[in-house]
Structures are given as C-alpha cells and as structure tokens.
Amino acid sequence: MMRSMYSGVSGLRNHQTRMDVIGNNIANVNTAGFKKSRVVFKDVLYQNIRGASSPDGSRGGTNPMGVGLGMALSSIDQIHTGSPTSSTAKLTDMAIDGNGYFVVNDGSNRYYTRAGAFDFDKQGNLETANGYKVQGWLANASTWDLSTNGDPVSIDISAYKSLNAKATTKMMFTGNLDSGLGFVPARNEWQALTFSAIPYGGTAGGAFTLTFDGYTTSNIAVGADAATTAGNIQAALEALPNIGSGNVAVTWDAVRQRYDIKFQGVLSAMDLPALTITTGGAPYDGGTAAIVAITEGQEPTTVIPRNEIQTLNLTTSGSGTFTLSYGGFTTAPIAYNASLADIQTAIDTIPALKGNVTVTQTTAPAGGPPPTSGGEYSIEFNTALAGTNVDQLVIANAGGCAGSVLTATQGLAAGYPENVVSGSKDVYDSQGNKVTVHYRFFKYEITPGSAPGVTPVADPVTRWACDISTDPLFDKQAGYLANTDFGAMDMATGAVAGTGDKVLRVYNIPFDNMGNIKDPKLAKFDYNINRQIPPPGNGTANISCTIDFAGLTQRAGESSAWASSQDGYAQGSLTSYSVGIDGTITGIYDNGQNRDLAKVAVASFENPSGLQQIGGTLFAVSSNSGDAHIGAPGSQGLGKIMPSSLEMSNVDLSEEFTDMIVTQRGFQANSRIITTSDEMLQELVNLKR
C-alpha cells in the first residue's frame, strides 16, 4: 500500500511543477520576446517481482513483472519558436524576423535576448530597459566606413552628434535637353547684281564701280561674256581692304540673269551692309543697275569670342613713309622699314587704341640689314576691344611706301542666346558656406551627316554649350567685362581660354544621332570658384568641383536637364535616425545628409534550447547551448531586423488552458490514489477488531 501512496505523491508533486510552468507561461503571455516552456514526465525505477524466462521445451517463456514507484520530471524544455510581431511606431524598437538573438552587455558579461525594446540614453548609448548596452559595430567617424569585421562593441552614437562641413568636389547632371529647341544656324550673305541691259550687263568695254561699307572699287570693266564680267567684279571686290582675297565669290546666274555675290571666308555667316553701284557717266553705257540682298547673312551663336586681327603688309615697300588712322586720329609718319617697337609706339598714340592693341611680327624685313623692304605685322585688338568687330585701320602711303592693311580675322563677341535650359545648384566651400551655381544650356550647331550612299558614312552631331556662373544674371551682372570675366572651354579637347571668373562657357558638348553624349569619358571638366574675392575673402579654400555631363540626353520632349547631385554640405546636427532591415542605424542630419552610424549584432546557437534563462527575457550561454555565432542581420542564416516592432510572446493561451485542464485532472487523479490507498489501509486496520 505504501508504494501506491508514494506514487500518488510523486504525481501530485510533479503535476504541481507542471502547473507552475503553465502558470509562468500564462503570466508572460504579453511579455515581449518571452519563450514558453513545457514539462515532460517520465516513469521512475521499477521494483521487479519476477524476472523474464525463456521458452524451454514444451513450456513457454514468461515476461518480467515489476511494480513502478511513481513518476518524475524528464525535462522542462524551452520552446524557442518564432512569434508574431507588433508595430510600436517607436524608432528604436526592433524585432528579429528569423533566427537569432540580440546581443547585450552589462559591463562584465554578455547576454542574449529576443526582446528588442531599446532606447538611447542621454549619452547616446543604445540600451535595454534595465540598462544593458546593445552590442554591434560602429562606423569610422572620419571615413564613415561601417565594417562588421571584428568583435561587436557597445553601440554609442555620441561621437556622431554633429557632421563637419565638406567642400563640394563633384556635381552630376542628368535629364534631357529638348532636341527641338531652336537655335541660330549659320547663313552666308548673298547679294544679287542685275542690269537693265541683257544678257550680262551692257556693252563690252563699259565700266562701273561698287562701294562696300565706305570703300569703293576701281572701275570694273564689262567683259565680252558673263564669266569675264563675274571675274572682274570678284577681283575688284577682293581688292577692297575691308573684303580681302578669298572672302567673296561672284557667279553668273543664267536662269535669273543676274550676278550672285556670295560673302564667305572671314565674312561668312555675317549680316553685312549692302553693296551700292555707280553707273552714271562714261565709260559705262549699260543702262540702270540694282543690287538686292537675296539671302540675309545671319551669324550663329558665337560660342568663343574672337579678337579682330588686321595685317599690316610692308613687304613690297622699298622707301617712303605711311600713316595709320583710326577713329579720327592719325599717327605721325612711320618709316617703311620701321621696327616692331616703332609700329607699336605709333599705334599707341591713337587714344582709342592705347593699351588695347598688340603688334607682333609675322614676316621679317627682306634683304637683311639694311632692309630693302619692310616686314609683315599682325595687329590684334584686345583688352577693352577684345571680342569686338572694330573699324579697319586706314593706311596712307607716301614716297612709294606701298603698304597695305587687311582684316585677317573678323572680331566677334561671345553670343548669349535666348532659347536656354537653365537651373541652379547649391555647392559648399571648405567651411560649409553655401554658393549657388547657375547654369544655362543652349544648342548652337548641328553638323549634318552624309547623304545616302556616300562612303564613308558620317553621322550627324548636335553641339550644345553650357554657361556656368555664380550670378544668375550671367553676362548682365554688375561690373562684368567680357575680356576679363569670360572664359571658355572646349569639351572635346579641354582647351581653356580666359579665366571665367564670372562666366565659364563649356562648349562642344556633342550628342550623337541617338541623343546620347558621344564620349562620356570626355564629359567631365573642372570648375573652380574663387573664394578669395572680394578681398580679403572669408578664409576658406577655393572650390574645385568636377562637373559631369555624361548623364545628359538630347531627345524630343520637354527639357529636364538638371544638376541632380553634388557631394558637399554645410555643418549638420543629428536630428533623427532610422533602422534598416540589415540592422543599420542611419543618422539624419539637419543639413540634409544621412550617415550609417552603427549596425546591430545578432547571435545564433547550435542548440537555442540549451540557453540558460536568467530572467528579464535574457539568456546566457550554457555548456549545452554551444558558443554564440555573431554576425550582421540578414547574413549567414541570421534573421533580418523589423524596425519599430517588438516580437510578441510565443505563448498560446488555448494550448495553455488545455494543458492546465489536463494537469488539473492529473493532479486530481493522483490525489485519488492517496485517498483510496488510505481507505484500504483503514480497512486493513479494521481487520483487528
């Protein structure tokens, strides 16, 4: 009888333990990160009454007989299954979606938990509610590299409260430039000369004169045929000092019965004054004549300013003197064999030219000393007259000097078109001071491709330019001087002209027939901003920025080209942060910058059920859990982070209530064993009566 009572006692005791575990599970049904437990029973040692025997001859074998001595606890298992998460809207709350445990430290020991209810303390430490510091990896505060190599440390963002200013070194452009944007194409001037006398200007041997911009030709003879007369007209016009050789072509149009006069060379693509004709009096007898412009010359946008260069030719002079006149002033007589210094000095006596003209020698005097003739000199108009179309110097010869002045290069100013795609971008100097860079794109040329069937095939190219300035008025800004404040750079060669302190023009940005930049490797250039002006500056370094146009396209559609990014910023203060699924804590600064500050560490175990429970939803490594394998979330089989969420308890109330009923019945049945055994003992005692 005593054995059954002790069996019942063991049942009562162990069912009570099971009830304790169930009660703990139910009590923690709303504990974040809690992992439930279960109780497993086993029977205990048996008292053998008879052993087993083998079959023998005609007698069968017998089984062993024994009486059990009750039951005992086999194990209390931890159930580390995952649980649903709940959103908390708190930035520092985290849950693990998958395998792993957060790593925390109390200053001496490392523990593990699934409860991610974290927060930053006033010093910037990420910690649990009981002050344990969350472990992870920190970014390098200088380079902002975030490496997960090495042992994790306590996450402390106190060193990242502010972000030092960074000077801009790169600016990227993206978007489209409308291929339909208008531009000014080049167009040569054509003028037509017609006579009332048909077929080609009157009686052979007659003569007339033409006047162009104040200069009049010698008598032009009417030839025996149209071709001869056209040649005479061309020769007479080329002899004018303001036209020059090769800058005009005259042909006879037999269909329209007229002489077509085309201006070309240095006079190409210009709107020129109309020729006038003088036909009255002997020896001309061809009747009336008229000149009309049949094609008005039109200059395209001049992307590069061009200084006027005039050539003084004294190589045919053997004696005498000459003078030069400009703007109503005339120099003193200059010797036919004057030196470079003599000519420069003489020109500098003209007030409008002093300091604005540079004379260089292109051909030395012939014959050696003493020279038998003068040399050839190039006269460039620059400084205040740079990029302007100036009047031609007028030469007056005396005593057989025979010198001449011709315009070799027509002066042209940089053009500023109306059809532009404009915008701006803020950049920063070394102290974080903001400077706004303004830009405007414009199309200035289309080079057509080859005609069908022509070999080799030449693809069409569209060329754009971009003006860059720190003033939104560009060339209209106060104090702007084109000769000192304008700079230009050829995108294809990198050649730079001028300083561009106020306006830099980047030209020859070529797009192919598909609308892409032809060579992205050549689509970069350096743009410098002088931070030392106005003196004494503000103590910062100059801005040296590489601008990249490789991301631009030129296709039909609305223009959307813009400076999409730059890498500079002002001083910033940490205002907020966010957590990514890879456990990265990203700082958000009030200067618009984001930086990865730290990454939370996650640990896994070969046997999570072997972890030791120490309370506070914390676990410690035991001899049967295996060592912690620590890595970054989402790597090496570790779960990802669910930010602003907490993992719920994995307790299932319906299961716990069912187990509680079963446990209650088990406890009740075991109590019946004791009471029944007691009654049987009572009956045994009563046998004595």
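Provided above is the structure to which this section pertains.
What to know about the overall build of the chain
In terms of helices and strands, the chain carries five helices and 48 strands. In terms of overall dimensions, the chain is more spread out than a globule: its C-alpha atoms have a radius of gyration of 50 Å, far above the 26 Å expected for 689 residues. On the principal axes, the C-alpha backbone points of the chain span a range of 180 × 60 × 45 Å. A burial count over the chain gives 40% of its 689 residues as buried. Counted over contacts in the chain with a minimum sequence separation of 6, partners at least 24 positions apart contribute 65%.

Section: the pattern of salt bridges
Two side chains of opposite charge can pair, provided their charged atoms sit close to one another. Applying the stated criterion across every chain, the model contains 21 salt bridges. Here Glu 647 ties to Lys 35 by a salt bridge, and the two come within 2.9 Å at their closest N and O atoms. Separated by 612 residues along the polypeptide, Glu 647 in strand E48 (residues 645-647) and Lys 35 in the loop between helix H1 (2-27) and strand E1 (37-43) bring together distant segments of the chain. Lys 35 carries the same exposure label as Glu 647, and that label is buried. In this structure, Lys 434 and Asp 426 form a salt bridge, with 3.8 Å as the shortest nitrogen-oxygen distance. The class of Lys 434 is exposed, set by a relative accessible area of 53%.

Comments concerning unusual backbone geometry
Put simply, Ile 533 and Pro 534 share a cis peptide bond, and its omega is -10 degrees. Structurally, Pro 534 is set in the loop between strand E37 (524-529) and strand E38 (543-555). Here Pro 535 and Pro 536 are connected by a cis peptide whose omega angle stands at 5 degrees. The backbone of Trp 144 sits at a positive phi, close to 65 degrees, despite the residue not being glycine. Here Trp 144 is to be found in the loop between strand E11 (133-138) and strand E12 (153-154). With relative accessibility at 18%, the residue Trp 144 sits in the buried group.

Digging into the nonpolar core
Within the largest apolar cluster, 31 residues are counted, with the highest numbers of intra-cluster contacts made by Phe 173, Phe 441, Phe 525, Ile 547 and Phe 549. If one sorts the elements of this core by residue count, E38 sits on top with five residues. In this structure Phe 549 touches Phe 173, Phe 441, Cys 466, Met 491, Val 506, Ile 509, Ile 517, Ala 523 and Phe 525, once residues within four positions along its chain are discounted. Counting residues in each nonpolar core, the second largest holds 29 residues, with Phe 102, Phe 120, Val 134 and Leu 618 among its members.

Quick look at the sheet that holds strand E27 (residues 357-363)
Read from one edge to the other, the open sheet built from four strands follows the order E27-E28-E23-E30, with strand pairing classed as antiparallel. Each edge of the open sheet is held by one strand with a lone partner, namely E27 and strand E30 (404-409). Across the sheet, the mean angle separating the axes of adjacent strands is 25 degrees when strand polarity is ignored. Bridge count between E27 and strand E28 (residues 376-381): six bridges; the pairing is antiparallel. When the bridges of E28 are listed, Gln 361 appears paired with Tyr 377.

A short note on the packing of H1 against helix H5 (residues 653-686)
Put simply, H1 and H5 touch, their axes get as near as 8 Å, and they point 160 degrees apart. Relative to H5, H1 is oriented roughly antiparallel. Regarding H1 and H5, the two cross each other, and that crossing is left-handed. The residue inventory of the contact of H1 with H5, partitioned by class, reads 14 nonpolar, 12 polar and three charged.

The rules we used
Residues numbered from 1 in each chain as written. Predicted model: local features only at pLDDT ≥ 70, side-chain atom pairs only at ≥ 80, totals over all residues. Heavy atoms only, no water. Helix = DSSP H or I, 4+ residues; strand = E, 2+ residues; numbered from the N terminus. Rg over C-alpha atoms; globule rule 2.2 N^0.38 Å. Buried < 20%, exposed > 50% of the residue type's maximum accessible area, 1.4 Å probe, protein only. Contact = heavy atoms within 4.5 Å. Salt bridge = Lys/Arg side-chain N within 4 Å of Asp/Glu carboxyl O. Core = buried A, V, L, I, M, F, W, Y, C linked by side-chain atoms within 4.5 Å. Pairing = 2+ DSSP bridges. Axes fitted to C-alpha atoms, helices over the stretch in contact; angles between N-to-C directions. Parallel < 35°, antiparallel > 145°, perpendicular 65-115°, else oblique. Left-handed = near helix turned anticlockwise from the far one by under 90°. Nonpolar A, V, L, I, M, F, W, Y, C, P; charged D, E, K, R; others polar.

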